[in-house]
Amino acid sequence: MVPDAAARVPRHIAIVMDGNGRWAERRHLPRSLGHREGQKAVRAAIEFCRRRGIAALTLFAFSSENWKRPDEEVGALMQLFLKALDREVDELAANDVRVRFVGELGAFAPELAQRMHAAMQRTAGNASLQLNIAVNYGGRWDIAQAARALATAAARGELDPATIDETVFARHVCLADQPPVDLFIRTGGEMRISNFLLWQTAYAELYFTDTLWPDVDAAVLDAALAEFARRERRYGLTSAQARAIG
Ligand code: IPE
Ligand code: IPE
Ligand code: MG
């Protein structure tokens, strides 16, 4: 049976946008210029997903561990986030993109957190692409905050702990209302998850490319989609069983 082409397009793509620093260092430029250049690839990835009819795109922009970088680099990243929010939100809103920031937003400067909340509110009614930007995000934090929410409900007598199973737990992790991640992409050559979406990528297909994030364009993303279409997702079944289900 020829696989249904439509069924082989991921609904949800998650990307670890890695390699900005090395892109700059190779050009003897400050690392912050690599981050700035990486914003073009962010725009390209959003446009790519809109054109290909991808339902959800989750971008890892700043991890909970990235605070440990030199103050100068963290400061430059925060300035870039502020400017990007001011510059891009109009266009995202006009293009029916719903923007959500996922992570512990309380750690950001009030000026920045306020803009993130405003962008989320402004685009809340949009539906053609769910754009999730993970900032001060860690996969372990996500699982811990879900556990805390459930424990709080149980302590209040609102939830019987015996009823907590994977389905109940899944409702409390970030992106619970979106399809599970089908395709996990990491650019920049490293083959690790770096505490990105741990729960949500349980059955994602993993794709690694040496291309540094600022060099990513539609051709790089098309190569990832082509590889995804070739994969057989078995979910623990035999190949014959998986093919029978389609
Ligand atoms: C990813 O690029 C962007 C962030 C972590 C904010 P890096 O800055 O990690 O780039 P490399 O890995 O040092 O090249
Ligand atoms: C992961 O990249 C975080 C982001 C892309 C935002 P890092 O460059 O921080 O990850 P490590 O240090 O290689 O694990
Ligand atoms: Mg890196």
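Residues numbered from 1 in each chain as written. Chains lettered and ligands numbered in written order. Predicted model: local features only at pLDDT ≥ 70, side-chain atom pairs only at ≥ 80, totals over all residues. Heavy atoms only, no water.

(A) Summary view of the pattern of salt bridges. As enumerated under the stated definition, the model contains 24 salt bridges in all. Between Arg22 and Asp18 there is a salt bridge; the shortest N-O distance is 3.1 Å. Of the residues examined, Arg22 reaches a relative accessible area of 26% and is grouped as partly exposed. Residue classification places Asp18 among the buried positions, given a relative accessible area of 17%. Here Glu227 ties to Arg230 by a salt bridge, and the two come within 3.2 Å at their closest N and O atoms. With a gap of 3 residues between them, Glu227 and Arg230 both fall in helix H7 (residues 218-230), about one helical turn apart. Take Glu227: its relative accessible area is 22%, and that puts it in the partly exposed class. One salt-bridge network, held together by shared partners, links Asp182, Glu205, Glu227, Arg230, Arg231 and Arg233. (Salt bridge = Lys/Arg side-chain N within 4 Å of Asp/Glu carboxyl O. Buried < 20%, exposed > 50% of the residue type's maximum accessible area, 1.4 Å probe, protein only. Helix = DSSP H or I, 4+ residues; strand = E, 2+ residues; numbered from the N terminus.)

(B) The site of ligand 2, seen in detail. Looking at ligand 2, the residues that line it are Val16, Met17, Asp18, Phe60, Ala61, Phe62, Ser63, Asn66, Arg69, Arg186, Arg192 and Ser194. In this structure, an oxygen atom belonging to ligand 2 sits 2.9 Å away from a side-chain N or O atom of Arg192. The fraction of the free accessible surface of ligand 2 (390 Å²) that becomes covered by protein chains is 78%. Under a 2 Å grid-point criterion requiring more than half of the atoms, the pocket assigned to ligand 2 is the largest pocket. The element contributing the most residues to the shell around ligand 2 is strand E2 (residues 56-63), with 4 residues. (Near = heavy atom within 4 Å. Polar contact = N/O pair within 3.5 Å; in protein donor to acceptor, adjacent residues only side chain to side chain. Areas by Shrake-Rupley, 256 points an atom, 1.4 Å probe, with all protein chains shown as cover. 1 Å grid on protein atoms, 1.4 Å probe; cavity = no way out; pocket = protein on both sides within 12 Å on 5 of 7 lines; lining within 4 Å. Sits in = over half its atoms within 2 Å of the grid points.)

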